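Spelled out from the first residue to the last, the chains are:
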Amino acid sequence: MKRNSLWSFAGAAGLLLAASVSAFAQDEAPTVDAGDTAWMLMSTALVLMMTIPGLALFYAGMVRKKNFLSTAMQSFAITCLMTILWMVAGYSLAFSDGGSVNDYVGGLSNFFLANVGVDSVTGTIPETVFVTFQMTFAIITPALICGAFADRMKFSAMLWFMALWSLIVYAPVTHWVWGGGFLAEAGVLDFAGGTVVHINAGVAGLVCAIVLGKRVGFGHENMAPYNLTYSLIGASLLWVGWFGFNAGSALAANSTAGMAMIVTQIATAAAAMAWMFAEWVSRGKPSILGIISGAIAGLVAITPASGFVGPTGALVIGIVAGIVCFWMVVWVKPRIGYDDSLDAFGVHAVGGIVGAILTGVFAVEAIGGTPGLLEGNPAQVGTQIYGILATILWSVVASFIILKVVDVIVGLRVSKEVEVEGLDINLHGEVIQ
C-alpha cells in the first residue's frame, strides 16, 4: 500500500514538473501582443501616408505649375517600385544575418520574403507587420531625394537611380544601424532614422543636384512655388504621419512610444517657430513656406533622438534645428550656388546631422538606456559623429557611381526644350488646366 502511494506521489510530481517545464517553454516562446500589433498596424499606415499623399503634395506644391504632376508622380511611382524591391531583396539585405559580412550587409535568407510566414514573430508583433512597417521607411527615404533634383531628371533615370540606390545604399545603411551591423555595435543611437533616412537621403540629394547641374534659368527666372496650399496640406500630413514614424519605432504600444510621441510634437513646434521668427527678423515677414519648412526640420532633427531624449532636450533640438536649417537654406545655399530645388539637403541632411549630434548630448539613460553628454558620457557625441561620417561617406560615393552608371544607360537629364516647356506634358502627356 505504501509502495503504491509512493509511486502515485512520484507520478504526480513528475507530471507537475513536466507541466512547469512546458509552461516555462511557452513563456519563453515569442508571442504576439494584440495591443502592440494594433499600434504597429496603425503606425505603418501613418508612415505610408507620409509619402502618399504627404510628400507628394508637399513637394508638388513647391515646384512650378508645369511640373506639379511629374513631381507628385515621382512619389507615387517610388512607393510602388520600393514595395516590390523591399519584398524581393531589400528586407533581406537590411535585416537578415549576413554571416561573415554581417557587419556591413544582411544575407539572402529572406529573399522574396522566404521564411516570413503567418506565424513568424518579431518581438511582440507578426514579422509581416514589421516587414511592412520597415517597407514604408524604404519607400519615403528615396522619395525624399527627389526634392533635390526637381524639374530636371528623366523619369526613366529616376526609376533606375532609385532602384539601385535602395539596394546598394539604403538597405546596407539600414543594416549597419538597425540590423546588427557595425554602427549598431559601435553604439550609434538612431531611434527612427536620422542617419538611415534623413542624412542618407539628403546627402544623396546633394550629389544628384551637383551631378545634374542647375535648372535652366536658375537664379534669373521666377521659380516661385505653384501652390503653397498643397504644400501646407502635405506638410500637415507629414507631421501627423511622423507619429507613426517615431512613436512606431518603439515597435510596441508602451511608454517609449509615448515619450517619442510627445518629444516629436514639442521639437516640431519649436523648430517651426524658430524658423518663422528667424525669417521674420531677417526678411520682415513670416511666410507659410518658412513655417512649414521649419516644422519639417524639427521632425527630421527629433527623429534620431525620439526614443532617447526628454521634453527639454526635444525643445532645444527643435530650436537649434529650425535656426540652423534656416541659415543653411537661406544664407549658405545661395552663396555656394548649388541648386537643391526643394532643400532636400538643407533640411533633411542638415537637420538629421543636428539631431544625431544632439542625441549624443541630450540622451537620457532612464529613457533610452544610454546616457549622453549631459549625464556624463561625452563619448556618445563622438560615437554619433562616427555614425554620421560613415553614412555620409557611403552615400556620397555610392550615389555618385550610381548616377554615372544610370547616365550611361538612359541619360540623367531631360533636354533643355523639355525642361523649359515642362515635365508634365513631355514626360507624362498631362497638364493642369
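Residues numbered from 1 in each chain as written. Predicted model: local features only at pLDDT ≥ 70, side-chain atom pairs only at ≥ 80, totals over all residues. Heavy atoms only, no water.

## Here we look at unusual backbone geometry
Applied cut-off: Counting from the N terminus, the helices are the DSSP runs of H or I reaching at least four residues and the strands are the DSSP runs of E reaching at least two. The rule is simple: take the accessible area with a 1.4 Å probe, protein chains only, and divide by the maximum for that residue type; under 20% is buried, over 50% is exposed, in between is partly exposed.
Pro53 follows Ile52 through a cis peptide bond whose omega is 15 degrees. If you trace the backbone, Pro53 turns up in helix α2 (residues 34-62). One non-glycine residue with positive phi stands out, namely Leu113, at about 60 degrees. One can find Leu113 in the loop between α3 (68-95) and β1 (121-122). On the accessibility criterion, Leu113 (23% relative accessible area) is partly exposed. With a phi angle near 85 degrees, Asp151 is a residue other than glycine that sits in the positive phi range. Within the element layout of this structure, Asp151 appears in the loop between α4 (127-145) and α5 (155-178). A relative accessible area of 3% means that Asp151 is categorised as buried.

## Comments concerning helix α7 (residues 194-212)
Inclusion rule: Multiplying 1.5 Å by the helix residue count minus one yields the expected span of that helix.
In this model, α7 (19 residues) spans 26 Å end to end at C-alpha, consistent with the 27 Å of a helix rising 1.5 Å per residue. Burial runs high along α7: 17 of the 19 residues are buried. In the segment just after α7, Gly213 is the residue with positive phi, at about 90 degrees.

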